[in-house]
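Take a look at the letters that make up each chain.
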Amino acid sequence: MTTSTAKATGIPAVRPYESYVYAYPHKTAYRPLPERPVLRELWAAERKDALSLYLHIPFCEVRCGFCNLFTRIGAPEELTTRYLDALDRQAVAVRDALGDGEPVRFAAAAFGGGTPTFLTAGELERLCDIAEKRMGADLRAVPLSVETSPSTATADRLAVLADRGTTRISIGVQSFVDAEAKAAVRPQRRAEVEGALGRIRDARIPVLNIDLIYGIDGQTERTWLTSLDAALAWRPEELYLYPLYVRPLTGLHRLGAGVTGPEAEALEQAAWDEQRLRLYAVGRDHLLAHGYEQVSMRMFRRADAPRESADGPEDYACQTDGMIGLGCGARSYTSALHYSFDYAVDMREIRSIIDSFTATQDFSRAEVGRYVDEEEARRRHLLQSVLQAAGLPVADYRARFGTDPWADFPAELAEFAARGWLDEGAPEGLLRLSPLGLAHSDALGPALFSPGVRAAMAAYERK
């Protein structure tokens, strides 16, 4: 909804870019767990026949200006060895906690970070061994997604990943325009990017995803289309279009000290929001015209691409099934508790947490997390469903909770409808966003956060 439309209807305008909701509750709502619950007890009553496995590698060769991921740069070989040693110990403890009373099966796997391909080819072999030999995941039989970067997508690393069953490789390009990459504090050149894409295609990994960013300083519709067309030349099965965020403690945040005063800051923010909304629409329309379908605000999939590349295996659902996360930046989900390790953005704090992780011998307990009650479970289910272009089948929600989302969230859904964010033409029984709603996903998602989660996030001490 534009500002003028908001004034005409009496509905207050909202900022379209509040935050990217990729998980709920966010880790800034987690807190140390005083009782340090035993993993075996946490997982005792959980279903384990369709789990997701995530291995986190918190290392990168450089840190981009927009990045607030849990990662450090310049890790020496000795540190990556110690980290893999700790990951191995953690995997043994977690697999033991899952028990053998019922079948334990992983339906999907992913290596993320950081940059997993920061590891050498030999270290990637060991990472796969940890997933398979320690956790029991059959990497060649399930979807396996791995993140990479232009400088680390080397032929030997990609060969290991292809041989071990990788079905999807995601590369962060962000921009094919060298000046824009520099503005985002991302040291790369287009020739390096094109070389990496060529090596990925040579490795014959079935699904290639390319990440691009819009809203970079100096970016125009013309330069945005330049990046989109350069990506399309590789016919990627997937494209993710991310709006740029400047988050606290990141490189761009430290550089952005030029604007002073609340009025000047508000004007600049409004202009930036308008730029991002405009470039989003340009990117969306361009991809739709080139045979891609929209899966979410960010994700676009080539119409003839393998379906599981976006949706995962048919028997895994992120709303209900559990996740096992290994590594100091990974989350794990049971039905009642989301847990991880401490979270930070500042490089000194991250180094300290990684050092603590590598020194840990006992991984049998959850350290940091947040309990998820029935009300939060309803919010999470609604969030993770409605932010997808396919929408939420109300019957699925009703079958799980015995209620209707309109009854559980009347005020929120009424506001979304008033803003034009809900698709009035959706089939009966389907709660789906309109194109305008999808464009405002980063405002709609945070609007569904509970008061308790909001308070915890606001009280979080950034580090």
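Remember, it's a predicted structure, so these values are computed and weren't measured experimentally. In this numbering scheme, every chain counts its residues from 1 along its sequence in written order. Thresholds applied to this predicted model are a pLDDT of at least 70 for local features of residues and 80 or more for the giving and counting of side-chain atom pairs; totals over whole chains, interfaces and linings are not thresholded and use all residues. By convention in this description, side-chain values take in all heavy atoms of the structure and omit both hydrogens and water.

A. Highlighting the overall build of the protein. The helix and strand tally for the protein stands at 19 helices and 17 strands. The rule is simple: take the accessible area with a 1.4 Å probe, protein chains only, and divide by the maximum for that residue type; under 20% is buried, over 50% is exposed, in between is partly exposed. In the protein, which comprises 463 residues, the proportion classed as buried is 55%. Two residues form a contact once any of their heavy atoms are found within 4.5 Å. Pairs at least 24 residues apart make up 77% of the contacts formed inside the protein by residues separated by at least 6 positions. Numbering goes from the N terminus for both helices and strands, where a helix is a DSSP run of H or I of at least four residues and a strand is a run of E of at least two.

B. A look at the confidence of the model for the protein. Summarising the model, the protein shows a mean pLDDT of 89, and 89% of its residues fall at 70 or more. Scored below 50 in pLDDT, residues 247-261 makes 28 contacts in the model with residues more than four places away or belonging to other chains. The quantity called pLDDT is the predictor's confidence in a given residue, expressed from 0 to 100.

C. Summary view of the side chain of T358. For T358, the location among the structural elements is in helix α12 (residues 347-359). In this structure T358 comes out as buried when scored by relative accessible area, which is 8%. Beyond its immediate sequence surroundings of up to four residues, T358 is in contact with L79, R82, Y83, A86 and R89.

D. Structural context of the pairing of strand β14 (residues 337-340). Burial along β14 is two-sided: L337 and Y339 and H338 and S340, pointing in opposite directions, are all buried. Paired strands are those between which DSSP finds at least two bridges. One ladder, built from 2 bridges, connects strand β13 (residues 332-333) with β14; its direction is antiparallel. Each bridged residue has a counterpart across the sheet, and for S332 the counterpart in β14 is Y339. Linking two consecutive strands that pair antiparallel, namely β13 and β14, is a turn of 3 residues. Inspection of the sheet shows β14 paired to strand β15 (residues 368-371) by 4 bridges, in the antiparallel sense. Bridge pairing in β15 places S340 opposite V368.

E. Region of interest: helix α4 (residues 121-134). Between the first and last C-alpha of α4 there are 19 Å, a value that for 14 residues agrees with the 20 Å anticipated at 1.5 Å per step. Residues of α4 that are buried: A121, E123, L124, L127, C128, I130, A131 and E132. Those residues of α4 that are buried lie in contact with β2 (51-57), α3 (77-98), β5 (106-113) and α5 (155-163). Note on α4: the residue one or two positions beyond its end, G136, has a positive phi of about 85°. Any helix carries an expected span of 1.5 Å times its number of residues minus one.

F. Local environment of the packing of α4 against α5. Simply put, an axis is a line fit to the C-alpha atoms, just over the touching stretch for a helix, and the angle between two N-to-C directions goes from 0 to 180 degrees. Their axes nearest at 9 Å, the elements α4 and α5 cross at an angle of 20°. Judged by the inter-axis angle, α4 sits roughly parallel to α5. Crossing handedness for the pair α4 and α5: right-handed. Across the interface between the two elements, A121, L124 and E125 from α4 touch D156, R157, V160 and L161 from α5. Ten residue types, Ala, Val, Leu, Ile, Met, Phe, Trp, Tyr, Cys and Pro, are classed as nonpolar, four, Asp, Glu, Lys and Arg, as charged, and the remainder, Gly among them, as polar. Of the residues that constitute the contact of α4 with α5, the class distribution is 4 nonpolar, no polar and 3 charged. The cut-offs work like this: below 35 degrees is roughly parallel, past 145 is roughly antiparallel, 65 to 115 is roughly perpendicular, and the gaps in between are oblique. It is the rotation of the near helix from the far one that decides the hand of a crossing: anticlockwise by less than a right angle makes it left-handed, clockwise makes it right-handed.

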